[in-house]
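An overview of the molecular structure
Here are the chains, one letter per residue:
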Amino acid sequence: MASATKPSQSSRLNSAQAPTIKDISTWIVLLLFAATTAIFFRDILFGNKFFWDDIAEYYYPFTVFAARQLAQFQLPFWNPYTFSGMPYLADFQAQTFYPPHTMMALFLKGNGMLPSKLVETIIIAHFVLAQYAMYAYARSRSISSYGSLIAAISYGFCGSLAVRIIHPMVVYHLALFPLILLNFHKGIVEKKIKNTIYAGLLLALAMISGHPQTTSYVVLFLAGYALWNGIAMIRSKELTGGAIGGFALHAFLPVLIAGGITAIQFLPAQELASLSERTKITYEKTPENPKLYASDGSMRLGQIYSAVVANIYGKVSQTDAKSNNFYLPNVDETGTDQHYYWDTAFYFGLAALCLGIFGLSLNWRTRFGGFMLAMIAFAVLYGLGANGFLHRMMFSVPLLGSFRNPGRMMFYVGFGMCLFAGIGFDSLWKSAKNSKTQMRLLAACAIPILIALLAASGILQGFIDTPEEVISATQSGGVTALMLALGVGVIAFLMYKKILSPSVGGVVLAVICIIDLNVAYSGFSGSKENPAEKFTLDPAMKQQFAIKPPNDIFRVEMRHKRGSAMQRNQGVLDNIMLFEGYNPILLQRRSPPAENGNMVEDLLGIRYKFDVDTARQQLGFVERPSYFKRAWMVYQPIVTSDENVEKTMQAGGINYRNQVVIERSPTLSMGNLPADEVRHSVQCLNYTNNEFTYKVTSDKAGILCFSEIWYPAWKAQIDGASTEILRANYSLRGVEVPAGEHTITMKYDSDTFKTGAWVSLASLVLSIGAIGFFKMKEK
């Protein structure tokens, strides 16, 4: 792939008369990036602090779950421990095929857990990658080593990465993004097919890391980049005739390669998405849909001030709980939600802001400058969500309408401004002195200084309705911003006047960058709770609630309105099948819509429930003797349509021990008798996550009902012959069983996975083969 030290000849900054400075060695650059990362995450790497929120509650337990399965040479297709059972591998955010995650299976400890520091270190390593990727991209645009260093540090620890650490899949995407764009540019503009393939491989790596929203934004950026350059090149006669087709091929091929390689994940994920709650997403919050609405996380226009004062609306900190003063309510005005802080944070430092404005002011008329300015404006307008117009207009665009938190697109702004900070830095010492350039520099520094001054004095807080109790803290932030902006302005002016050398000025500004972003965000992560210890469960409770197949399989309901008895994803670590859980994507059909809660719990096989014991009047686990076993026979089918199944079940009057609601007529003739009048037996022979087998003996044909969530990837066989799995009781499974003795096997056998696997294998082999071919051709 492209070297970080060999700049392209395409940059407009090249000048025969421009002074030069010595490049920094690549090894020194990498050591610097390792040092900045170690400083930023010092409490995690060298102290007794840990990542929190989704890292502890979602990322860590599921990473352990997948690692355990892979260590046994099994793919984690199905997760029976969360929300009564749901697909695991089909969930894009599972990250099972992302190489660093796949290798986790090698590091399981004797107790079946992963070292939390290992998990955290892998995430942190991506911040070194993010800085180097940005550095490489900046160098490819002929930005100096020092300018590239400033761009890299500012990008590597900007809000879009630093406070999204709790969602590492976003960090993985943004760490790879500059390298994707670097190779994409070389493919479409310089017509280098090898780089086109590299762009596809890198895009595939980002996609497989598991965040479809960020993937969509990256692809949208690439599409815009190709369109902008294509139109410009056609207008300038750089592209004519058949060359236009070649350009289009170079632009489309990376997406085709990435889609092919990730088909093993993408196709099953599409199947899951089509059956998930995401299909019912609305634009605004409604009584029927209070949580899943696209405008959730819309930015306020006033949050633009956050580009100057990072935490002008308060902040969220785990290192210092007293600093948790974020006060801005979400778009629905129902109250403050912490996720609104990290989903709208985008601060990239005062050095990047001042130098970025200066660089853009000099280059906005260039092809690349115009594009980046357009994308920055697009991101801001889109990020406003319901407080603007663009996001609402694009809600109907396929895929984009499935996502919440439009403020996440603000990484366009961070990327563009950090890159132009490097360009602005070089312009300080390359540009000839003239009044016009000097005025642009003064304006670029004066705007942030003025806003910081207003915040330091408390005047700005009056415009944005800051609560009284937070004004003092945000004023302190304003003072810090003012000092930093003044410092950047002074260094920039001294460099412009040729009083300060580029190398000294570059080092000082790079130091300001790391100090600035450390002050803004390094305290965000630093929980005292070790994720590996967070899930420690009393041995007696674990023994009581863990399943013991094949005979003792049941579910547990562990949440009450007054609290929870376990962590939300406790089940995947301790083999406890939970009714609840925590996952970004959920199946629409999870719980049968029976006439009352007790019957729902019975059908789902909930044996233990965290509830108030009426005898002792204490909150604790109560055993429910009425729960259904994992499989039972019935002989009285109730046939209804897919559209009416909910109404049929909610109407009541159904005895589920004798009857089952199905959505097509059975093919076998049944006696329509109560189950206790038919001699029969049901025995589980073996039970694993991805496959189980039952032996059934019955005098009459009937339907074997399972307290297992229906999903199309499950396949059934009776005595070795394939048979259909009925959707029974709205969300569960059923199989028609003839009279006599039979063996019924159910196995997770996904057609979309198998198709995707072959497509991925073919795409990967072809891509690697093509790279080898073109390398040999070069030689």
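Our subject in this report is the structure included herewith. (Residues numbered from 1 in each chain as written. Predicted model: local features only at pLDDT ≥ 70, side-chain atom pairs only at ≥ 80, totals over all residues. Heavy atoms only, no water.)

Within the protein, the secondary structure is distributed over 27 helices and 18 strands. For the protein, the spread of C-alpha atoms along the three principal axes comes to 100 × 65 × 50 Å. When each of the 779 residues of the protein is scored for burial, the buried share is 58%. Taking all contacts inside the protein whose residues are at least 6 apart in sequence as the whole, residues at least 24 apart take part in 75%. If you sum the accessible surface of the protein, you get close to 31100 Å²; carbon and sulfur atoms cover 59% of it. Computed over 66 positive and 53 negative side-chain charges, the inter-centroid distance for the protein is 12 Å. (Helix = DSSP H or I, 4+ residues; strand = E, 2+ residues; numbered from the N terminus. Buried < 20%, exposed > 50% of the residue type's maximum accessible area, 1.4 Å probe, protein only. Contact = heavy atoms within 4.5 Å. Areas by Shrake-Rupley, 256 points an atom, 1.4 Å probe, with all protein chains shown as cover. Lys, Arg positive; Asp, Glu negative; His and termini not counted. Charge placed at Lys NZ, Arg CZ, Asp CG, Glu CD.)

Put simply, Pro549 and Pro550 share a cis peptide bond, and its omega is 10 degrees. Topologically, Pro550 is positioned in the loop between helix H23 (539-545) and strand S3 (555-557). In the Ramachandran plot, Lys237 falls in the positive-phi region, its phi being about 70 degrees despite a non-glycine side chain. With respect to the helices and strands, Lys237 occurs in the loop between helix H10 (212-235) and helix H11 (242-261). Relative accessible area serves as the criterion here: at 64%, Lys237 is assigned to the exposed category. The phi dihedral of Asp465 falls on the positive side, at around 55 degrees, and the residue is not glycine. Relative to the helices and strands, Asp465 resides in the loop between helix H19 (459-463) and helix H20 (468-496).

The contact between helix H14 (residues 350-363) and helix H18 (residues 435-457) brings their axes to 9 Å, and the two run at 145 degrees. The handedness of the crossing between H14 and H18 comes out as right-handed. Where H14 abuts H18, its residues Leu350, Leu353, Cys354, Ile357, Phe358, Ser361 and Leu362 lie against Thr437, Arg440, Leu441, Ala444, Cys445 and Pro448. Of the residues in the contact of H14 with H18, the class split is 10 nonpolar, two polar and one charged. (Axes fitted to C-alpha atoms, helices over the stretch in contact; angles between N-to-C directions. Left-handed = near helix turned anticlockwise from the far one by under 90°. Nonpolar A, V, L, I, M, F, W, Y, C, P; charged D, E, K, R; others polar.)

Bringing the side chain of Asp343 into the picture now. Among the structural elements, Asp343 can be located in the loop between helix H13 (339-342) and H14. The exposure class of Asp343 is buried, given its relative accessible area of 3%. The residues contacting Asp343, other than those within four sequence positions of it, are Arg164, Asn405, Gly407 and Arg408.

What follows concerns the sheet that holds S3. Read across the sheet, three strands follow the order S3-S6-S7 without closing on themselves; strand pairing throughout is mixed. In this open sheet, the two strands that pair with only one neighbour each are S3 and strand S7 (618-623). Neighbour-to-neighbour, the strand axes of the sheet open up by a mean angle of 20 degrees, direction not taken into account. Note that strand S6 (residues 606-613) and S7 share six bridges and pair antiparallel. From the neighbouring strand, Phe610 faces S7, where its bridge partner is Phe621. (Pairing = 2+ DSSP bridges.)

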